[in-house]
Amino acid sequence: MDLAMKIGAFCRELGDNTLRAMALRDNKEPVYERAEESLKAGQIGPELEADLDLLDEMVRGVTGQGLYPAVTRGFGPLPGYGRETGAQWWTCPRGRCSGRGRVLPDQAPPVCGATGEPLVPGPLPG
């Protein structure tokens, strides 16, 4: 799984205290705080990924399921068709995470947990 997907999963948790409380109970609060600070500062690299993997391992140990979404297979378009479908995905305005879900008509934009800014519509991730 690429780092953007890991960051996206963590970013969604920033709006809720469940992961923070779990980290506190499991003595991983410094890892959580370091990951949150790195993401908010835009310091995206191997250190952040290592912290996110530690948090995923913690969640897996407590709940039996990981922090990251299950990996799914993707398929490209048939020959002769362009990749652009017209569908849009909520994307992070600063490119820090992978966004969150398909844009629906008349939907209020969700807020990025890392920046506090509204997500913006963009093309579906490829």
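Residues numbered from 1 in each chain as written. Predicted model: local features only at pLDDT ≥ 70, side-chain atom pairs only at ≥ 80, totals over all residues. Heavy atoms only, no water.

Engineer: Honestly, the overall build of the chain in this entry has me stumped. Any pointers?
Structural biologist: Within the chain, the regular secondary structure consists of 4 helices and 2 strands. Overall, the chain shows an N-to-C arrangement of helices and strands of α-α-α-α-β-β. Split into buried and exposed, the 126 residues of the chain put 31% on the buried side. Relative to all contacts within the chain whose residues are 6 or more apart in sequence, the contacts with residues 24 or more apart total 55%. (Helix = DSSP H or I, 4+ residues; strand = E, 2+ residues; numbered from the N terminus. Buried < 20%, exposed > 50% of the residue type's maximum accessible area, 1.4 Å probe, protein only. Contact = heavy atoms within 4.5 Å.)

Engineer: What should I look at first to understand the nonpolar core in this one?
Structural biologist: The nonpolar side chains of a soluble globular protein tend to be buried with one another. By size, the foremost hydrophobic cluster in this structure holds 27 residues, and its most contacted members are Phe10, Leu52 and Leu55. At the level of secondary structure, the elements contributing two or more residues to this core comprise helix H1 (3–13), helix H2 (18–25), helix H3 (29–40) and helix H4 (46–63). With near-sequence residues (within four places) excluded, Leu52 lies in contact with Leu3, Lys6, Ile7, Phe10, Ala35 and Tyr68. (Core = buried A, V, L, I, M, F, W, Y, C linked by side-chain atoms within 4.5 Å.)

Engineer: When you look at H1 in this model, what are you seeing that I'm missing?
Structural biologist: Owing to its 3.6 residues per turn, the α-helix brings residues three or four apart onto one side. What H1 keeps buried is the set Leu3, Lys6, Ile7, Gly8, Ala9, Phe10 and Cys11. Contacts from the buried residues of H1 go to H2, H3 and H4.

Engineer: Explanation requested: the state of the cysteines in the structure shown.
Structural biologist: Covalently bonding the sulfur atom of one cysteine to the sulfur atom of another cysteine gives a disulfide. Summed over all chains, the structure comprises 0 disulfides. The thiol of Cys11 is unpaired, and the distance to the nearest cysteine sulfur, on Cys112, comes to 3.6 Å. (Disulfide = S-S within 2.5 Å.)

Engineer: Would you explain H2 in this entry?
Structural biologist: Along H2, the positions that sit buried rather than exposed are Leu19, Met22 and Ala23. The arc that holds every buried residue of H2, seen down its axis, measures 100°, which confines them to one face. Seen from the buried face of H2, the exposed residues on the opposite side, beyond 90 degrees, are Leu24 and Arg25. Where H2 is buried, its residues touch H1, H3 and H4. Phi for Asn27, located one or two positions after H2, is positive at around 60°. (Arc of directions from axis to C-beta.)

Engineer: Explain the pattern of salt bridges to me, please; I cannot follow it from the model alone.
Structural biologist: Once their charged atoms are close, side chains differing in charge can pair, the charge on each being opposite to the other. As enumerated under the stated definition, the model contains 9 salt bridges in all. One salt bridge in this structure joins Lys6 and Glu49, with 2.8 Å as the shortest N-O distance. Here the residue Lys6 occupies a position in helix H1, and Glu49 occupies one in helix H4, the gap between them amounting to 43 residues. Classification of Glu49 as partly exposed rests on a relative accessible area of 24%. Several salt bridges converge on common partners, so that one network encompasses Arg20, Glu33, Glu36 and Lys40. (Salt bridge = Lys/Arg side-chain N within 4 Å of Asp/Glu carboxyl O.)

The analysis is restricted to geometry; functional conclusions fall outside its scope.
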